[in-house]
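Analysis of the macromolecular model
Letter by letter, the chains look like this.
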Amino acid sequence: AGCGCEEPEQPVLSIGSGAVYCRSCSYGVGDTVSLCEGSLAALRYICSAPAKQLFSFSLDGEAMKRLSNAAERYLLRHAERNFYTLDYWKNIRII
């Protein structure tokens with residue numbers, strides 16, 4: 001983790017830096033999103049897996065929601081633009 005903990009307690013992802021912190025160490029780092037043990041493990045896997053195995057993992061519903069939220073917020077922050085197809089997909093999914 002960005003704070004030095006190998007296994008952060010109540011992990012959060014800094015949207016700005018992409019670093020993971022313990023919730024208690026994250027004050028002052030800016031915009032963060034909460035992760036759980038499963039979403040943190042998946043994030044670590046995605047960052048280190050070979051391209052052919054990148055998405056060969058499974059998550060339960062809550063972990064998948066947290067990972068999806070973190071990935072979307074990180075992408076939107078660093079791409080510095082909106083994706084209209086993403087907005088469209090979110091709108092039709094609600095209906």
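This text gives an overview of the structure that appears in the document. (Residues numbered from 1 in each chain as written. Predicted model: local features only at pLDDT ≥ 70, side-chain atom pairs only at ≥ 80, totals over all residues. Heavy atoms only, no water.)

Quick look at the pattern of salt bridges
Considering all chains together, one arrives at four salt bridges under this definition. Here Arg 66 ties to Glu 62 by a salt bridge, and the two come within 2.8 Å at their closest N and O atoms. With Arg 66 and Glu 62 both in helix H2 (residues 61-79) and four residues apart, the pair spans about one turn of that helix. Given the relative accessible area of 27%, Arg 66 is considered partly exposed. With relative accessibility at 43%, the residue Glu 62 sits in the partly exposed group. (Salt bridge = Lys/Arg side-chain N within 4 Å of Asp/Glu carboxyl O. Helix = DSSP H or I, 4+ residues; strand = E, 2+ residues; numbered from the N terminus. Buried < 20%, exposed > 50% of the residue type's maximum accessible area, 1.4 Å probe, protein only.)

Focus: the state of the cysteines
Enumeration according to the criterion identifies zero disulfides in this entry. The thiol of Cys 36 is not disulfide-bonded; the next cysteine sulfur, from Cys 22, is found 15 Å away. (Disulfide = S-S within 2.5 Å.)

Re the sheet that holds strand S3 (residues 32-34)
Strands sit in the order S2-S1-S3 across an open sheet of three strands; the sheet is antiparallel. Either end of the sheet is taken by a strand with one partner, and the two such strands are strand S2 (20-22) and S3. For this sheet, the mean inter-axis angle between neighbouring strands, taken without regard to orientation, is 35 degrees. The sheet contact formed by strand S1 (residues 11-14) and S2 spans three bridges and is antiparallel. Counted as the bridge partner of Val 12 is Tyr 21 from S2. On top of the sheet, H2 reaches S1 and S3; it is set at about 170 degrees to S3, its chief contact. (Pairing = 2+ DSSP bridges. Axes fitted to C-alpha atoms, helices over the stretch in contact; angles between N-to-C directions. Contact = heavy atoms within 4.5 Å.)

Remarks on the nonpolar core
Of all hydrophobic cores here, the largest spans ten residues; its members are Leu 13, Ile 15, Val 20, Val 33, Leu 35, Leu 40, Ala 42, Leu 43, Leu 67 and Ala 70. Taken together, the elements giving at least two residues each to this core come down to helix H1 (37-48) and H2. Per-element tally for this core: the top contributor is H1, with three residues. Among residues more than four places away in sequence, those in contact with Leu 35 are Pro 11, Val 12, Leu 13, Leu 40, Leu 43, Arg 66 and Ala 70. (Core = buried A, V, L, I, M, F, W, Y, C linked by side-chain atoms within 4.5 Å.)

Quick notes on the environment of Thr 32
Among the secondary structure elements, Thr 32 is positioned in strand S3. The spatial distance from the C-alpha of Thr 32 to the C-alpha of Arg 73 is 9.4 Å, given a sequence separation of 41 residues. Dropping the residues within four chain positions of it, Thr 32 is found in contact with Val 12, Leu 13, Ser 14, Ile 15, Ser 26 and Arg 73.

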